[in-house]
Amino acid sequence: MPFDIPKNWVWCRLENILILVSGQDLTPEKYNTTTDGIPYITGASNIDNNENVILNRWTTKPVSIAIKDDLLITCKGTIGKMAFLQENKVHIARQIMAIRPIFECDMRYIKIVLENLIFHLNSTAKSMIPGISRNDVLKLLLPFPPLAEQKRIVAKIEELEPLIEKYTKAETELSKLNTNFPNQLKKSILQYAIQGKLVPQNPEDEPANILLEKIRAEKQKLKKEKKIKKEKR
């Protein structure tokens, strides 16, 4: 077993507790964009970053049907995008699998486990276009707690998610700051320098206007000696 689990938990394969529905592609004449029939979910583009299912195709000839509350997971190309289906019925293409429980279990817990196993799923992806098979998913080994514990785990994860998002945002901002900091620091130092704020001022220093007059006099001298050319106006 990969690691120790509490005594009242059990290790099992996904196939022991879930039904997996594989998708099938439809030829163009079998789907439409006029909302005729039931929605046709084709792939990762139908699942947005907020885990909402986007509807943009429909079919009157469904074959591979996912039903309300099924957990949809992308299995070709972009692997592992997931969303719970809110529609009563949809047809799924082969880039999508639908997962539903055989008996009572908290599918939100299953989703948490699958999210944790995405790296493993990606490592098993085959061919030039990444993909996972039914067997890859069904043979996944997962720790399975009692139903009440599943619900407690989900509740705790949902409680922590706002903090995770807050930390992620802070980390992103820190990373951006670390990337830009050297240039920003240099600009700030130069700005302080040209404003006379970088080093303490010494009132005994010769005033800059006197130095400027000396520079002008030296310039005139060099012009007379034809060591520098006169400026054209």
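Structure's up top.
Computed from a predicted structure; not experimentally measured. (Residues numbered from 1 in each chain as written. Predicted model: local features only at pLDDT ≥ 70, side-chain atom pairs only at ≥ 80, totals over all residues. Heavy atoms only, no water.)

Visitor: Teacher, can you tell me more about the overall build of the protein chain here?
Guide: What the protein chain contains, in helices and strands, is four helices and 10 strands. Mapped in sequence order, the helices and strands of the protein chain form the string β-β-β-β-β-β-β-β-β-α-α-β-α-α. Scaling as 2.2 N^0.38, a compact globule of 233 residues should have a C-alpha radius of gyration of about 17 Å, whereas the protein chain reaches 33 Å, well beyond that. Along the three orthogonal principal directions, the C-alpha set of the protein chain runs to about 100 × 55 × 30 Å. Residues classed as buried in the protein chain amount to 30% of the 233 residues present. A fraction of 68% describes how many contacts in the protein chain between residues 6 or more apart in sequence connect residues 24 or more apart. Surface accessibility of the protein chain: about 16,400 Å² in total, with carbon and sulfur atoms responsible for 56%. Of the charged side chains in the protein chain, 37 are positive and 28 negative; the average position of the first set lies 11 Å away from that of the second. (Helix = DSSP H or I, 4+ residues; strand = E, 2+ residues; numbered from the N terminus. Rg over C-alpha atoms; globule rule 2.2 N^0.38 Å. Buried < 20%, exposed > 50% of the residue type's maximum accessible area, 1.4 Å probe, protein only. Contact = heavy atoms within 4.5 Å. Areas by Shrake-Rupley, 256 points an atom, 1.4 Å probe, with all protein chains shown as cover. Lys, Arg positive; Asp, Glu negative; His and termini not counted. Charge placed at Lys NZ, Arg CZ, Asp CG, Glu CD.)

Visitor: Would you explain the sheet that holds strand β6 (residues 71-74) in this entry?
Guide: The strands that make up a sheet are held in pairs by hydrogen bonds between backbone atoms, and each pair lies either parallel or antiparallel. Spatial ordering of the open sheet is given by β2-β9-β6-β7, a layout of four strands whose pairing is antiparallel. Since the sheet does not close on itself, it has two edges, and those belong to β2 (18-22) and β7 (82-84), each with one partner. With direction set aside, neighbouring strand axes in the sheet form an average angle of 25 degrees. Sheet topology note: the β6/β7 ladder contains three bridges and is antiparallel. Each bridged residue has a counterpart across the sheet, and for isoleucine 73 the counterpart in β7 is methionine 82. (Pairing = 2+ DSSP bridges. Axes fitted to C-alpha atoms, helices over the stretch in contact; angles between N-to-C directions.)

Visitor: Help me understand the state of the cysteines in this model?
Guide: Each disulfide consists of a covalent bond between the sulfur atoms of two cysteine residues. Summed over the entire model, instances satisfying the criterion amount to zero disulfides. Between cysteine 75, a free cysteine, and cysteine 105, which holds the nearest cysteine sulfur, the sulfur-to-sulfur gap is 20 Å. A residue is classified by how much of its surface remains accessible, and cysteine 75, at 2% relative accessible area, is buried. Look at cysteine 105 and you get buried, because its relative accessible area is 13%. (Disulfide = S-S within 2.5 Å.)

Visitor: Before we go on, may I ask you to explain the sheet that holds strand β3 (residues 38-41) in this structure?
Guide: Here four strands make up an open sheet; going across it, the order is β4-β3-β8-β5 and the pairing mixed. The sheet is open, and its two borders are formed by β4 (58-59) and β5 (65-67), each paired with just one other strand. One ladder, built from two bridges, connects β3 with β4; its direction is antiparallel. What sits directly across from isoleucine 38, in β4, is threonine 59.

Visitor: What exactly am I supposed to notice about the nonpolar core here?
Guide: Proteins that are soluble and globular tend to have nonpolar side chains buried together. Core analysis: the largest hydrophobic core is formed by 29 residues, its most contacted members being Leu18, Ile99, Ile110 and Leu114. Within the residue set of this core, elements represented by two or more residues are β2, β6, β9 (96-101), α1 (107-123), α2 (134-138), β10 (141-144) and α3 (147-194). (Core = buried A, V, L, I, M, F, W, Y, C linked by side-chain atoms within 4.5 Å.)

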